[in-house]
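The primary structure of each chain is shown beneath.
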Amino acid sequence: MLKTHDPTHLLVLLVGGSMLLLYGVKQVTDAMERAFGARLRLIMMNLATRPVAAFGSGVIITLLTQSSTATASIMIGLVSAQLVPLTAAVVMLLGAAVGSTLVVQLLAFHFIDYALEMLGLTAAFALLARRTRLSEVGSGLFSFGLVLVGLAMIDASSTPIADSAITNAMMQALAQSPLVLLLLGILLAAVFVSSIAAIGIVMILAGSGALPLMAALAVTLGANIGTTLTPLLSALNQRNIAGRRLGIIYTGTRLVGVTAAMLLLDPIAALLEYLLPAPAAQIALAHLGFNVILAILFVPLAEQLAHLATQLLPESKQTQKKGSRYLDPDALTLPAVALGQAMREVLRMADLATEMLQLSIRAFEDGDKSLSKRIGNLDDQLDDLETAIKNYLIQLNDETLNDEQTRRELSLLHISTELEAIGDIVDRQLMRLARRKQRKQIAFAQPEWDDLVTYHREVLGLLKRVLAGLATQDPTIAAEVLVHRKYLDQIKRDIHLRHLQNLTSGTPASLDASAIHLEMVTAMSRISSHTCSIARAVQGEF
């Protein structure tokens, strides 16, 4: 590696090494995500029910991606999609934090002394693997070689800088301001989006003498907070509040640990100096020890942390109903999972449509004007969900779907369209009729109102029955719905016939009441038609 004391060369080494480090870290994470992203998510989901395995998966996945930040971001997405329970995700993140410290241990053994050799070997592997299934793995290894070269360049520039009287004066001044150094560590990890890169720089500066041990420890603790900022921002941008809870737990546990460590900075530094003579090894051990102690403290408390986060961030009823909850973009690489998530949203649509139809009859009974607005809001949510489901499903790569998955995709698209149509009938037809009845103060004859209530109850029951078949994927229930439809058709004919007989017999009834009566029956008949269309989709017929 280039040895120089020329200021210009030093600046080139320092800035160039930092940029190469930043680029390498990003490329490693992206390559490993492309190579193992889908498998990593499956591993996380499958091991979520076993605490020890969940912790181990967090360690291993971070070793692969070289970034606990990337692991945390993946985990927040899975929690937001409710693919992984919050408690398991907390355990995995604590494992990810420990995993991020293991690569740092390599740096403590002067691994960067062989940076160029490692770059050559990884470049050779990448070239040999570029036309194979291991091409992304080769790209990731080569990028890790770039990370080592970047660290070596920073190392080459740090020794002359450490020997400078100006640097010594600055470091001595900063050593008296641990909070400033803590903020510096936060900034460093946030910029590099990796605690590994940030801690690597700190170890190099400490090993060259540019950073005293106390100062290096403060920066290291700051880096442990900084690495949580990107996942935290990602969590705060999630619609689902479960992801936000995980982001807050991830940052919160770090803040608690850093606060305690800052208060014990002097005894920690003394212990490290007693155990190890090399400054770089001292920082590596401190980083490992900090994260292992956090894991020992908080893994047994994962359930309590999840409960506390739930208490601090309760999910309001409005939040529960608004927007899609389960459509995780990262799951699109796993068709079976993505279709399962879409099904969960379709079932939410089913609940909304059922609630709308159930409420609709009350708008004719008591004249409550707020019901019309409430049903309108439910219809808006139904429309939003239908659009979200369609946009989600069309992103699936048809080449990755087998025949059964293709059938399920078409079925879900068809059912979501039918449920949205039911919502439109309730909102645009039944509610329009209810408003007209209220505005003109129209009253139905009691026998005819009883007929309407009976028909509404039967149509509602038919919808509930087909949705039970949808939830259980039971074609038998769907077949029963299609048979029951004939009974509903007979009820409709009887109601229509009685209404015409009342009109011709001279039974008092306004023409307005008659028109509303007939339109209500027609609207509910259309709902039963859409319900039967859903039943046929459950059976696999379109």
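Residues numbered from 1 in each chain as written. Predicted model: local features only at pLDDT ≥ 70, side-chain atom pairs only at ≥ 80, totals over all residues. Heavy atoms only, no water.

Across its full length, the protein chain holds 22 helices and 0 strands. Considering only contacts within the protein chain whose residues lie at least 6 apart along the sequence, 82% involve residues at least 24 apart. For the protein chain, the computed accessible surface area is about 24800 Å², with 62% contributed by carbon and sulfur atoms. (Helix = DSSP H or I, 4+ residues; strand = E, 2+ residues; numbered from the N terminus. Contact = heavy atoms within 4.5 Å. Areas by Shrake-Rupley, 256 points an atom, 1.4 Å probe, with all protein chains shown as cover.)

Attention now goes to unusual backbone geometry. In this structure, Gln441 is a non-glycine residue whose phi angle is positive, near 55°. In this structure, Gln441 sits in the loop between helix H19 (403–439) and helix H20 (446–472). Backbone geometry places Gln473, a non-glycine residue, at a positive phi of 55°. You can call Gln473 partly exposed: its relative accessible area is 38%. (Buried < 20%, exposed > 50% of the residue type's maximum accessible area, 1.4 Å probe, protein only.)

For the rest of this paragraph, the subject is helix H15 (residues 302–312). For H15, every residue scored as buried is listed here: Ala302, Leu305, Ala306 and Ala309. Across the axial projection of H15, the buried residues extend over an arc of 100°, all falling on one side. In H15, the exposed positions angled more than 90 degrees off the buried face are occupied by Glu303, His307 and Gln311. (Arc of directions from axis to C-beta.)

Applying the stated rule across the entire model yields 1 aromatic pair. A ring pair is formed by Phe444 and Trp449, whose centres lie 5.8 Å apart and whose planes are at 10°; its orientation type is stacked. Judged on exposure class, the residue Phe444 and its partner Trp449 are both buried. (Phe/Tyr/Trp six-rings, centres within 6.5 Å; stacked < 30°, edge-to-face > 60°.)

Moving on, we get to helix H14 (residues 279–298). Between its first and last C-alpha, H14 extends 29 Å over 20 residues, near the 28 Å set by a 1.5 Å rise per residue. All of the buried residues in H14 are Ala280, Ala281, Gln282, Ile283, Ala284, Ala286, His287, Phe290, Asn291, Leu294, Ala295 and Phe298. (Expected span 1.5 Å × (residues − 1).)

Turning next to the nonpolar core. A general tendency of soluble globular proteins is for nonpolar side chains to be buried together. Formed by 82 residues in total, the largest nonpolar core has its most connected members in Leu21, Met75, Met203, Leu217, Leu221, Leu246 and Ile283. Ranked by residue count, the leading element in this core is helix H4 (residues 86–108), at 12 residues. In this structure, Leu21 is in contact with Val147, Gly150, Leu151, Ile154, Phe192, Ala197 and Ile201, ignoring residues within four places of it in sequence. Counting 69 residues, the second-largest nonpolar core is a separate cluster that includes Ile389, Met431, Leu470 and Met520. (Core = buried A, V, L, I, M, F, W, Y, C linked by side-chain atoms within 4.5 Å.)

With that settled, consider the side chain of Glu418. Structurally, Glu418 is set in helix H19. For Glu418, which is buried and forms no salt bridge, the nearest opposite charge comes from Arg536, at a distance of 7.4 Å. Apart from the residues lying within four places of it in its own chain, the contact partners of Glu418 are His530, Ser533 and Ile534. (Lys, Arg positive; Asp, Glu negative; His and termini not counted. Salt bridge = Lys/Arg side-chain N within 4 Å of Asp/Glu carboxyl O.)

The next subject is the pattern of salt bridges. This model, assessed by the stated rule, comprises 9 salt bridges. Between Glu404 and Arg407 there is a salt bridge, and its shortest N-O distance comes to 3.2 Å. You can see Glu404 and its partner Arg407 sitting in helix H19, 3 residues apart, about one turn around the helix. Its relative accessible area of 44% is what places Glu404 among the partly exposed residues.

Attention shifts here to the environment of Ser18. Tracing the chain through its elements places Ser18 in helix H1 (residues 7–47). Owing to a relative accessible area of 16%, Ser18 belongs among the buried residues under this scheme. It is 8.2 Å that separates the C-alpha atoms of Ser18 and Met153, two residues lying 135 residues apart in sequence. Among residues more than four places away in sequence, those in contact with Ser18 are Ile154 and Phe192.

The share of residues in the protein chain with pLDDT of 70 or more is 84%, and the mean pLDDT across the chain is 81. Per-residue pLDDT, averaged within each element of the protein chain, yields its smallest value for helix H16 (residues 317–321) (48) and its largest for H14 (91). (pLDDT = per-residue confidence, 0-100.)

Further remarks concern the environment of Ile491. Along the chain, Ile491 turns up in helix H21 (residues 475–504). As a C-alpha pair, Ile491 and Thr454 span 37 residues in sequence and 8.9 Å in three-dimensional space. With sequence-adjacent residues up to four places away left out, Ile491 is seen in contact with Tyr455 and Glu458.

Turning to the packing of helix H17 (residues 335–365) against helix H18 (residues 369–393), a few remarks are in order. Interhelical geometry of H17 versus H18 gives an angle of 160° and a closest axis separation of 10 Å. Comparing the axis directions of H17 and H18 gives the class roughly antiparallel. Read as a crossing pair, H17 and H18 show a hand that is left-handed. Grouping the amino acids of the contact of H17 with H18 by side-chain chemistry returns 18 nonpolar, 2 polar and 7 charged. (Axes fitted to C-alpha atoms, helices over the stretch in contact; angles between N-to-C directions. Parallel < 35°, antiparallel > 145°, perpendicular 65-115°, else oblique. Left-handed = near helix turned anticlockwise from the far one by under 90°. Nonpolar A, V, L, I, M, F, W, Y, C, P; charged D, E, K, R; others polar.)

Attention now goes to a nonpolar patch on the surface. A cluster of nonpolar side chains, namely Leu11, Leu14, Val15 and Met19, defines an oily patch on the protein surface of about 350 Å² accessible area. Here Val15 is to be found in helix H1. Relative accessible area serves as the criterion here: at 43%, Val15 is assigned to the partly exposed category. (Patch = residues over 30% accessible without salt bridge, like charges linked within 9 Å, V, L, I, M, F, W, Y side chains within 5 Å.)

On to the packing of H17 against H19, then. Running from amino to carboxyl end, H17 crosses H19 at an angle of 15°, the nearest separation of the two axes being 9 Å. Overall, the two elements H17 and H19 adopt an arrangement that is roughly parallel. Taken as a pair, H17 and H19 cross one another with a handedness that is left-handed. A breakdown of the residues in the contact of H17 with H19 according to their chemical character gives 22 nonpolar, 6 polar and 5 charged.

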